[in-house]
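Breakdown of the fold
Listed below, chain by chain, are the residues.
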Amino acid sequence: MDSVKEIILQTKNVEYIRNYLGKEQWLQVSGHKDINGADAVFWCGLVSLTHIEDVYHKVDWDISADKQSCPGFENNIYGYQYKANLLNEGFESILYYREFYGVEKNYIELSQEFILLNNLRYNTISKSYCAMYENGEAEEAVKYIDYTTIQIKMKFLRNYSAAKQMAILIFFDIRTKFDGKISDYGVEEFNNEYKEDGLFYELWSGDMHSPYAYSVLMGKKILMPVPIEECGYWPYEKEETYEDFIIGVDGDGKEILYTCDPNKLGNYFGNNSDAPMYLTPVFFKREVLQKYVNRPELYEIRDGYLSCQSLWGIEIDNHHKNCIVVYLGDLGKYLPESERGYWQSFNIVGEGGLSEVSFKRDFCNMFSESNMEDHRFQYAYSSLREQWNKKYGWDLYLPLSTEDQYNLTQIRIPLGNSQLEFDHLVLALVKVLIDSLNEKQLIIPLNEQSDIKGISKLEKWLQANGAVGYEEHIMFLRNLQKLRSTGSGHRKGKEYRKISDIFGLSEKSKIDSFEAILQTANDFLKYMKTTFLN
């Protein structure tokens, strides 16, 4: 336990401001914080390099909640003049204390310049500002602990300081109090000033009128900016690096690797004639897409294309059941640098080449329908809904809510042979194909049983509307529903094994099994289209 003398002299707090303040990952720039039992208050701002000496004139804060760069009028020798920044010349705020005199809650705003330069977005749930990167990922940059207590990640503050070529000023006021008088502990009242390179503070102590003594450590720390070339903003972003990918094997069976830098690859115009072609196919395990499957709110995988909202997109050959193929040059041109390392970890030696679908599209400039049952399902389902509504004026399938939309977009040929993925896909397919039926519009004759629902109601509707040959499709839907209820929805037992035998799950891989289920689902969608729309 610290002696009272150490508390009076704030030994540990002096050590903190000298050796740690401004060097941690997160910097508290406003509000209160307990430091070694003392109450510390912070603020932060900027000063131009030509006014650094002004910082050492007095220990008082040059910028604070009461002294900030708000616009207004100044009375000088020229009269009243409007100024965008009422601080002394060379000083600039990062924080703005907004006061509403009890009518509304006071709070602190960040500089809009800081927010815009870093393209920060406020997250109302986490009460923080996040920076968004080209790969779609976000990084927390500013945290609101409460309305007036803010922490900023140092790398963002440092980059901002470098871009503006202004020094960061960290203001601190650390106070402690203790019982009795200073003299009770063998210490006389003192008031000492300390000036060091990048640090200016005063430490003083005395007795209060009440039976307490106090100690105050107040001052500021100056963090000089790094060169503007290190700020990280355009045009000073770090030079892009390009990974090497496996493009084949040599005569000894050793892997051949080559850079994906598009500027170093050959093309059909004679550039880099000794290098592999830009359109060299590179092969990956299908599991490379799992990352994107898991974030449907951010990424979209469709027939021949992977995209991250409007940030980036890349053509992919996803018409194989055992791999994904991408052109070597596209990896360097269209995939963000931060994503390429991830893809590299799934890179494999390819067997065969491009799918026939991609070859026709890319090299023969021919339309080619996808050979994959999941792509066919997505098209058939959307097409049926659209054409049905256009002809009959009502939806055969109810539109999915935003929260449920992923059930449709994620229906795919499994990426692997896991039971978990298979169960999730069965569940999604049932939600889309059975649970989303618009039962209110499936009107059946009045003499029929009125409380029937789901597949049974669809069956009665088909009968009432003169459909023929529907029995096998109704049977498929019932079996699919049972596969979900005995597998995805409940503990697996005898009933699941029975329905598994119907679908032949024990005889095939999960990939082949779900592909067969999708093929039968596509047959049902085709039947509904040819029977009622053609």
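Up top you'll find the structure we're talking about.
So, here is what we can say about the structure in this document. Remember, it's a predicted structure, so these values are computed and weren't measured experimentally.

So, the pairing of strand β9 (residues 128-132)
- With respect to burial, β9 is a largely interior element, four of its five residues being buried.
- Bridging between strand β8 (residues 120-123) and β9 involves four bridges; their strand directions are antiparallel. The residue bridging R121 from the neighbouring strand is C130, located in β9.
- Between β8 and β9, which pair antiparallel in sequence order, lie four residues; one of them, K127, sits at a positive phi of approximately 55°.
- Here β9 hands over to strand β10 (residues 138-146) after five residues, with G136 in that stretch at a positive phi of 90°.

Brief notes about the side chain of H320
- Residue placement: H320 occurs in the loop between β21 (312-315) and β22 (324-327).
- Apart from the residues within four sequence positions on either side, H320 is in contact with R286, V325, G353, L354, S355 and M372.

With respect to the packing of helix α14 (residues 471-488) against helix α16 (residues 510-532)
- Between α14 and α16, the least distance of the axes is 10 Å, while the angle of their chain directions is 140°. In terms of orientation, α14 lies oblique with respect to α16. Like other packed secondary-structure pairs, α14 and α16 cross with a definite hand, here left-handed. On the side of α14, the interface is formed by H473, F476, L477, L480 and L483, while α16 contributes I517, T520, A521, D523, F524 and Y527.
- For the contact of α14 with α16, the residue count by class is eight nonpolar, two polar and one charged.

Side note on the pairing of strand β4 (residues 79-83)
- Across five bridges, the pairing between strand β3 (residues 72-76) and β4 is antiparallel. Note that in β4 the partner of E74 across the bridge is Q81.
- In this structure, the hairpin formed by β3 and β4 is closed by a connection of two residues.

Quick word on the pattern of salt bridges
- Enumeration according to the criterion identifies 29 salt bridges in this entry.
- Note that E137 and R295 form a salt bridge whose closest N and O atoms lie 3.6 Å from each other. You can see E137 sitting in the loop between β9 and β10 and its partner R295 sitting in the loop between α6 (290-293) and β19 (299-302), a full 158 residues away along the chain.
- Here E495 makes a salt bridge to K498, at a shortest N to O gap of 3.4 Å. Here E495 and its partner K498 are both found in helix α15 (residues 494-503), three residues apart, which amounts to about one turn of the helix.

Here we look at the packing of aromatic side chains
- This structure, assessed with the given rule, holds 29 aromatic pairs.
- Centre to centre, the rings of Y56 and F200 are 6.0 Å apart; their planes meet at 35°, and the pair counts as tilted. Pair noted here: Y56 is in the loop between α3 (52-55) and β3 and F200 is in strand β14 (residues 199-207), with a separation of 144 residues, a long-range link. Of the two residues, Y56 and F200, both sit in the buried class.
- When the ring centre of W26 is taken as reference, the NZ or CZ atom of K143 above it lies at 4.2 Å.
- Residue placement shows K291 over the ring face of Y342; its charged tip is 4.8 Å from the ring centre.

Structural notes on the sheet that holds strand β20 (residues 305-308)
- Here we have three strands laid out as an open sheet, ordered β19-β20-β21, and antiparallel in their pairing. Each edge of the sheet is formed by a strand with only one pairing partner; in this case those strands are β19 and β21. Strand-to-strand twist in this sheet, taken as the mean axis angle between neighbours without regard to direction, amounts to 10°.
- Inspection of the sheet shows β20 paired to β21 by four bridges, in the antiparallel sense. Across the sheet, L306 pairs through a bridge with I314, a residue of β21.

Basis of the calculations
- Residues numbered from 1 in each chain as written.
- Predicted model: local features only at pLDDT ≥ 70, side-chain atom pairs only at ≥ 80, totals over all residues.
- Heavy atoms only, no water.
- Buried < 20%, exposed > 50% of the residue type's maximum accessible area, 1.4 Å probe, protein only.
- Helix = DSSP H or I, 4+ residues; strand = E, 2+ residues; numbered from the N terminus.
- Pairing = 2+ DSSP bridges.
- Contact = heavy atoms within 4.5 Å.
- Axes fitted to C-alpha atoms, helices over the stretch in contact; angles between N-to-C directions.
- Parallel < 35°, antiparallel > 145°, perpendicular 65-115°, else oblique.
- Left-handed = near helix turned anticlockwise from the far one by under 90°.
- Nonpolar A, V, L, I, M, F, W, Y, C, P; charged D, E, K, R; others polar.
- Salt bridge = Lys/Arg side-chain N within 4 Å of Asp/Glu carboxyl O.
- Phe/Tyr/Trp six-rings, centres within 6.5 Å; stacked < 30°, edge-to-face > 60°.
- Lys NZ or Arg CZ within 6 Å of the ring centre and 35° of its normal.

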